[in-house]
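Residue strings, one per chain:
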Amino acid sequence: MRRVLAGLLATASLAGGLVAVAHAGASTAPRPVISPADDPVVVVSSTFEDGTTQGWAPRGGAAVAVSTAVAHGGAHGLAVTGRTANWEGSLLDLLDVVDKGTRYELSVWVRLAAGEAAGQARLSVERRTGGTPSYDQVVGATDVTADGWVNLTGSYTLAADVEFLTAYVETTSATAAFHVDDFTLSHTPLPPVQTDIPAVKDVLADHFTVGAAVEPAQVLGNHGQLLARHFNSITPGNQLKWDATEPTEGAFRFGDADTLVAWAKANGTAVRGHTLVWHQQTPAWVFKDASGAEMTATPENKALLLARLEAHIRGVVGHYGDDIPVWDVVNEVVDENQADGLRRSRWFEITGLDYVRTAFRVAREVAPTAKLVINDYNTNVPAKRDKLHDLVARLREEGVPVDAVGHQMHVNVQWPSVAETEAMIAKFTPLGVDQQITEMDVSIYTDSSQSYPTPPADVLRTQAYRYRDLFEVYKRHSASISSVTLWGLADDNTWLDAFPVTRKDHPLLFDTRLQAKDAYWGVVDPDRIGGGPTTTTTTTTTTTTTTDAPPPPVCVINYDLVGQWQGGFQGSVRIVNRGAATTSWTLTWSFPDGQRITQLWGGRHTQDGANVSVRNESWNGTIPTGGSTTLGFLGSWTGRNTKPATFSLNGVVCRPA
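Residues numbered from 1 in each chain as written. Predicted model: local features only at pLDDT ≥ 70, side-chain atom pairs only at ≥ 80, totals over all residues. Heavy atoms only, no water.

**Some words on the overall build of the protein**
Counting its secondary structure elements, the protein contains 11 helices and 33 strands. In terms of overall size, the protein behaves like a compact globule, its C-alpha atoms giving a radius of gyration of 26 Å where 657 residues would be expected to give roughly 26 Å. With the C-alpha coordinates aligned to their principal axes, the bounding extent of the protein is approximately 75 × 60 × 55 Å. Within the protein, buried positions represent 55% of all 657 residues. Restricting the contact set of the protein to residue pairs at least 6 apart, pairs at least 24 apart contribute 74%. On the protein, roughly 25100 Å² of surface is accessible, and the fraction owed to carbon and sulfur atoms is 52%. If you average the places of the 52 positive and of the 70 negative side-chain charges in the protein, the two averages end up 5 Å apart. (Helix = DSSP H or I, 4+ residues; strand = E, 2+ residues; numbered from the N terminus. Rg over C-alpha atoms; globule rule 2.2 N^0.38 Å. Buried < 20%, exposed > 50% of the residue type's maximum accessible area, 1.4 Å probe, protein only. Contact = heavy atoms within 4.5 Å. Areas by Shrake-Rupley, 256 points an atom, 1.4 Å probe, with all protein chains shown as cover. Lys, Arg positive; Asp, Glu negative; His and termini not counted. Charge placed at Lys NZ, Arg CZ, Asp CG, Glu CD.)

Below, the structure written as structure tokens:
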């Protein structure tokens, strides 16, 4: 996957019994046996209205005190001052109030102290087992100021026994004083897992294995029931990455991953190993030379780094043996902007392509029957797809044992098109490699400016049709595809809640209450999308659904910020034609912040200052009524990267999606 999954976010059913919960200074509520329809049960509520800190304590060298300077509710809040490091802040002991396997909602209001410059705050949990601390992010970096209160709210499930557990508020960089108020810890019992609907794995049994990426908390309670019922493969989301398995040299840790593998064996479920080599989540020590300094590209450092890589793979893959029959050996090594197509990671800077060769060679030696995968994202984009194809062809010609190509497929409700997805799979078929969809989710958002308090029904239906169309492609190519893995189990736990911005996404087949969505029916039985049969007309590239909507405009434009990094970004523009069929087209827009296109596919572009003009290629000039076409591009930006406000197709202003 491209980013770290935030925290151990999961859900489980409430254990029975009436338990009185006590916590020093905090108001608490009993936890009775209640029905799934009942309201959330508040376990801890910190309002500070009694004039005490209600159990909140300093973290590090900070100071905490009840204050009347500002308050979110009532007259009192908690002031956090005297901070000398960003990790210092305020914490609350949760050890005696949190039950393993129960999903909790944490909410706290935060603002900076008067006179402090704007910054970012986050809410996290620290847990310790055997004296070893672990840090789980509940709410990522969120903008805060001294001008008003900001609510940090997220979910957390404790997956293992611990001897220490606290929630804490900190800032991401600065040491500003801040205030917190109105903290709550609550949980809502889940309804039973549905047993009267088809299992996804059974519906797709004739085509490929279907899996989900999970964390240890998700093999407990209702989550474990849902996982076992619908999926016959799991991928540990973070537990097999280098920072989890070998945080210090030679000191391997397998506890969390062992939990998942043991669950899989007990439930007859396959395991995909993810991932042995990646440019992210690799501990700093890996790239230190023999003296402890940062490595430079020398023969000695190359030999040392490759030796560490070999030792790591032998340690991890050797630990699991036949229990993990598929490994993502190298992850995200392609950069289509480089002439040779290779990402300039620390791995590449020091070893060139030899780290990839070494990783596959050693993995084959340790696990001779395992399927070895090269995994990457945006493989549906022609430039990225072609560079990856060329790399795989080159490696296989050299005898490097690349058995399979992994397509991540982090997509959204409008992108990519069916045609682009089909071309992606067809490109690799002649190589004779297996193909796997390794990290699929379908975001309900098409750009970073969108945020829905509640996902609109029409967006969820569009998502369902997107799942339908993409799974139809996969099934058509099932001779080449051995597995499809969703990057998550249900909407209560998705990395997209924190990427590319913090907002609630709903990208999976099951909702936050673990109930089947329209997206589920898009995979299992598309006739039941929306609660019943829907009149549709399907082609290889478009889907038109009969609705009672008012007449559409002549054209609709969906501009999507696919990804953004320092100084660069990837965009996608989807043109939907609501007027007469075109035989040629020109799309124009103006960038508001001086962005420049550096590469574009799906059209031929010119740019004069802020003004962009894109003409069709010979193969996509015809857009039938109701049809669409998509173009993609890479660009540069400085300062801001605001989306264009207006697009025109053949001189006619289009409506934004």
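**Looking at the state of the cysteines**
The tally for this structure, following the rule as stated, stands at one disulfide. Linked covalently through their sulfurs, Cys555 and Cys654 form a disulfide whose S-S length is 2.0 Å. The S-S bond linking Cys555 to Cys654 shows a torsion near -95°; that makes this disulfide left-handed. Placement of Cys555 in strand β24 (residues 555–565) and of Cys654 in the loop between β32 (652–653) and β33 (655–656) is noted, with a sequence separation of 99 residues between them. Grouping residues by exposure puts Cys555 and Cys654 together as buried. (Disulfide = S-S within 2.5 Å.)

**Here we look at helix α2 (residues 221–230)**
An α-helical turn contains 3.6 residues, so any two residues separated by three or four positions project in the same direction. For α2, the complete set of buried residues consists of Asn222, His223, Gly224, Leu226, Leu227 and His230. Buried residues in α2 make contact with α1 (200–203), β13 (209–214), β14 (233–236), α4 (255–266) and α11 (518–524).

**With respect to the packing of helix α5 (residues 299–320) against helix α7 (residues 354–366)**
Interhelical geometry of α5 versus α7 gives an angle of 30° and a closest axis separation of 9 Å. Between α5 and α7, the interaxial angle falls into the category roughly parallel. Crossing angle aside, the handedness with which α5 passes α7 is right-handed. Of the residues in α7, those touching α5 at Lys302, Leu306, Leu309, Glu310, Ile313, Arg314, Val317 and Gly318 are Asp354, Tyr355, Thr358, Ala359, Arg361, Val362, Ala363, Glu365 and Val366. The residue makeup of the contact of α5 with α7, split by class, is nine nonpolar, two polar and six charged. (Axes fitted to C-alpha atoms, helices over the stretch in contact; angles between N-to-C directions. Parallel < 35°, antiparallel > 145°, perpendicular 65-115°, else oblique. Left-handed = near helix turned anticlockwise from the far one by under 90°. Nonpolar A, V, L, I, M, F, W, Y, C, P; charged D, E, K, R; others polar.)

**Structural notes on the pattern of salt bridges**
Taken as a whole, this structure holds 34 salt bridges when the rule is applied. Taking the shortest distance from any N to any O, the salt bridge between Arg103 and Glu105 comes out at 2.8 Å. Judged by its relative accessible area of 16%, Arg103 falls in the buried class. Residue Glu105 is classed as partly exposed on the basis of its relative accessible area, which comes to 26%. The closest approach of N and O atoms between Arg308 and Glu249, which form a salt bridge, is 3.5 Å. With Arg308 in helix α5 and Glu249 in the loop between α3 (242–245) and α4, this residue pair connects regions lying 59 residues apart in the sequence. Connected through salt bridges with shared partners, the residues Lys302, Asp354, Arg357, Arg394 and Glu398 form a single ionic network. (Salt bridge = Lys/Arg side-chain N within 4 Å of Asp/Glu carboxyl O.)

**Structural notes on the environment of Ala516**
One can find Ala516 in the loop between β21 (481–486) and α11. Sequence-wise, Ala516 and Gln450 are 66 residues apart; in three dimensions their C-alpha atoms are separated by 24 Å. In this structure, Ala516 is in contact with Gln194, Ile197, Leu509 and Phe510, ignoring residues within four places of it in sequence.

**Considering helix α8 (residues 382–397)**
Under the 1.5 Å per step criterion, the end-to-end length of α8 is 22 Å for 16 residues, consistent within 8% with the ideal 22 Å. The complete set of buried residues in α8 reads Ala383, Lys384, Arg385, Leu388, His389, Leu391, Val392, Ala393 and Leu395. Considering only its buried residues, α8 is in contact with α7, β17 (371–376), β18 (404–407), α9 (418–428) and β27 (596–601). (Expected span 1.5 Å × (residues − 1).)

**Some points on the sheet that holds strand β8 (residues 119–129)**
Spatially, the five strands line up as an open sheet ordered β3-β6-β11-β8-β9, and their pairing is antiparallel. Looking at which strands have only one partner, the edges of the open sheet turn out to be β3 (56–59) and β9 (132–144). Strand-to-strand, the axes of this sheet are offset by a mean angle of 25°, without reference to chain direction. Taken together, the four bridges between strand β6 (residues 89–93) and strand β11 (residues 164–171) define a ladder with antiparallel strand orientation. Looking across to β11, one finds that Asp93 is bridged to Thr166. (Pairing = 2+ DSSP bridges.)

**Side note on the packing of aromatic side chains**
In this description, a pair of aromatic rings is defined by centroid distance and the angle of the planes. According to the stated counting rule, one finds 21 aromatic pairs in the structure shown. Residues Phe287 and Trp347 carry aromatic rings whose centres are separated by 5.1 Å and whose planes lie at 75° to one another, so their mutual orientation is edge-to-face. Taken together, the residues span a long stretch of sequence, with Phe287 in the loop between β15 (270–278) and α5 and Trp347 in helix α6 (residues 346–351) at a distance of 60 residues. Each member of the pair, Phe287 as well as Trp347, is classed as buried. Aromatic side chains Phe471 and Tyr474 sit 5.3 Å apart centroid to centroid with 65° between the ring planes, which places their arrangement in the edge-to-face category. Residue Phe471 and its partner Tyr474 are located together in helix α10 (residues 457–476), separated by three residues, close to a single helical turn. Taking relative accessible area as the criterion, Phe471 reaches 1% and is therefore assigned buried. Joined through ring pairs, the aromatic side chains of Tyr559, Phe569, Trp589, Phe591, Phe633 and Phe647 make up one cluster. (Phe/Tyr/Trp six-rings, centres within 6.5 Å; stacked < 30°, edge-to-face > 60°.)

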